[in-house]
Amino acid sequence: MSYPEDLRYTAEHEWARLEGGVVTVGITSYATDQLGDVVFVELPEVGRKLEATKPFGVVEAVKTVSDLFAPLAGEVIEVNGALADNPALVNQSPYGDGWMVRIRPADPAGILKLLSHDDYSRLIEEQHA
Amino acid sequence: MSSATTLKRTPFFEQHRAAGAKLVDFAGYEMPLRYRGDVEEHRRVRTGVGLFDVSHMGEFRVTGAGAVGFLDRAVTNDVAALEVGQALYTPICRPDGGIVDDALIYRAADHHMVVVNASNIAKDFAWLAEQCPADATLTDVSEDLALLALQGPRAAEVLRDHVPAAALVLGYYRFMIGPVFGVDAVISRTGYTGEDGFELYFHPRHAATIWEQLFSAGAPHGLEPIGLGARDTLRLEMAYMLYGNDIDDSTSPLAAGLGWTVKLGKSDFAGREVLVRQKQEGAARRLVGLEAEGRRVPRHGMAIERDGRAVGTVTSGAFGPSLERAIAMAYVDSASAALGTALEVVAGSTRIPVRTVKRPFYTQGTHR
């Protein structure tokens, strides 16, 4: 399992990548490993305002279901439409084609409050200890 | 996920680890949840062949002149009618009709074997021991038996040159005692997937050899190890019961649609009185199959509503890979159990529209 160093993480296993004032959000490879094969992702509509730490969608796997939590507050400006036809992208490429939403954050600096790569790796290790 | 208690391991633990299994706590055992992926493993069993380690299941041996009478009084199905070499699926009920467990009973020439769920071994043994007469002996032999389930339309091809020819022509729910790869085993034409297959019981000391030989014989047929994740979706597509979800001490076999396993006409057995009454009056709630609209999955424990009124609870739910849709089983009020009834499953703040459908959900299996 890998946790790219250029990303920030939540304790609920979302990742966030800040690029040009826009934050892309997905779930980590740890999350996909726990969930198993993803069969459906319910995502918000473009334009919806997300609140930090609040659920913004649902990821359904064969055996389990999980809420998606917003890493930070902001407006949804794009959702990954490819997941509707091919939800398996979440398993195949959690940090790439399996991304879920792009949001324009109210406060881009808020991303620094999320877990760093090291913090997140440690969290996973602790959960497995 | 982690736990202070030590998990038990089956004799195949090292094999699972070597095969890259994701291991989880299941009924106190460290078991493989999946190896490659739930969907791929599920399809492997439906279209080819897969191997399950189910050694965590419990086995009791019953001997003595009173064995048949004892078991016949202890379970709802007709043990007395079993022929040597035949197996039987049966609930074990309490006097109040609640299900202690669901079990398989095998009749061999000189003994019976009762196969029970891992989570219920201690409970079942205590309950059966209480009823065991002086002329029968009940022994827990769970630790003496490893159990593998080879399942799928190509299962017989894997075993073709490695079991007695008679094993390959065994009927469904028939078994024999004979060698598998030269090792003494119970070779049984049973399983819990809806596909053709075999269950192989043998001494754990042969675990490594049998595993290795099965995979070498199975390689040309695409044999893969299959985890509990796919086992659950396979059994759910067949609407087979999962103890603890679909049936438990508070549910009766009649409510669960297991009336075919309740032989009210035979001599007295635990639960008979209550079940006779239930049959006359009709169960207040019934287990139904649900098919969801869309891909949101009804999950265990979710409430079910009809026109805004609570009418039941989901017992098992998953995405069925062979059906490409979300399916579930649920107890609902009898008035809402008719086929085609439109209901809603409460999933947090949203509602999943479902309708009641026929069971099994999957009807294309090689065995059903």
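Residues numbered from 1 in each chain as written. Chains lettered and ligands numbered in written order. Predicted model: local features only at pLDDT ≥ 70, side-chain atom pairs only at ≥ 80, totals over all residues. Heavy atoms only, no water.

The name an unreviewed UniProt entry assigns to chain B is Aminomethyltransferase, from the organism Eiseniibacteriota bacterium. Annotation of chain B in UniProt includes, under Sequence similarities (unreviewed entry), the sentence "Belongs to the GcvT family." One UniProt comment on chain B, placed under Catalytic activity (unreviewed entry), says "N(6)-[(R)-S(8)-aminomethyldihydrolipoyl]-L-lysyl-[protein] + (6S)-5,6,7,8-tetrahydrofolate = N(6)-[(R)-dihydrolipoyl]-L-lysyl-[protein] + (6R)-5,10-methylene-5,6,7,8-tetrahydrofolate + NH4(+)". (UniProt positions renumbered as here; feature names shortened; annotations may be inferred.)

The name given to chain A in an unreviewed UniProt entry is Glycine cleavage system H protein, with the source organism recorded as Eiseniibacteriota bacterium. If you open the UniProt record of chain A and go to Sequence similarities (unreviewed entry), you find "Belongs to the GcvH family." Under the UniProt heading Function (unreviewed entry), the entry covering chain A gives this text: "The glycine cleavage system catalyzes the degradation of glycine. The H protein shuttles the methylamine group of glycine from the P protein to the T protein."

Participant: Before we move on, can you summarise helix 3 (residues 67-74) of chain B with the specific residues and values?
Facilitator: Listed in full, the buried residues belonging to helix 3 of chain B are Ala67, Phe70, Leu71, Asp72 and Ala74 of chain B. Contact partners of the buried residues in helix 3 of chain B: strand 4 (58-63), strand 5 (86-93), strand 6 (99-107), strand 7 (112-116), helix 4 (121-131) and strand 8 (137-140) of chain B. (Buried < 20%, exposed > 50% of the residue type's maximum accessible area, 1.4 Å probe, protein only. Helix = DSSP H or I, 4+ residues; strand = E, 2+ residues; numbered from the N terminus. Contact = heavy atoms within 4.5 Å.)

Participant: How would you sum up the pairing of strand 16 (residues 309-320) of chain B? Please name residues and give values.
Facilitator: Residue and element names in this part refer to chain B. Of all 12 residues in strand 16, nine are buried; the element is thus mostly enclosed. Alignment of strand 15 (residues 303-306) against strand 16, held across four bridges, turns out to be antiparallel. In the sheet register, Ile304 faces strand 16, and the bridge partner there is Gly312. The loop that links strand 15 with its antiparallel partner strand 16 comprises two residues; one of these, Asp307, has a positive phi angle of about 50°. Both strand 16 and strand 17 (residues 325-333) contribute to a ladder of eight bridges, which runs antiparallel. Bridging from a neighbouring strand, Ser316 pairs with Met329 of strand 17. (Pairing = 2+ DSSP bridges.)

Participant: Tell me what's going on with the interface of chain A and chain B, and back it up with residues and numbers.
Facilitator: Across the contact, 18 residues belong to chain A and 17 residues belong to chain B. Here chain A packs against chain B, burying approximately 1,500 Å² in sum over the two surfaces, 49% of which is carbon and sulfur. On the surface where chain A and chain B come into contact, there are five salt bridges. Connecting chain A to chain B are 15 residue pairs in polar contact (both at pLDDT 80 or more). Split by residue class, the side of chain A that touches chain B holds nine nonpolar, four polar and five charged. (Buried area = accessible area lost by both parts, 1.4 Å probe. Salt bridge = Lys/Arg side-chain N within 4 Å of Asp/Glu carboxyl O. Polar contact = N/O pair within 3.5 Å; in protein donor to acceptor, adjacent residues only side chain to side chain. Nonpolar A, V, L, I, M, F, W, Y, C, P; charged D, E, K, R; others polar.)

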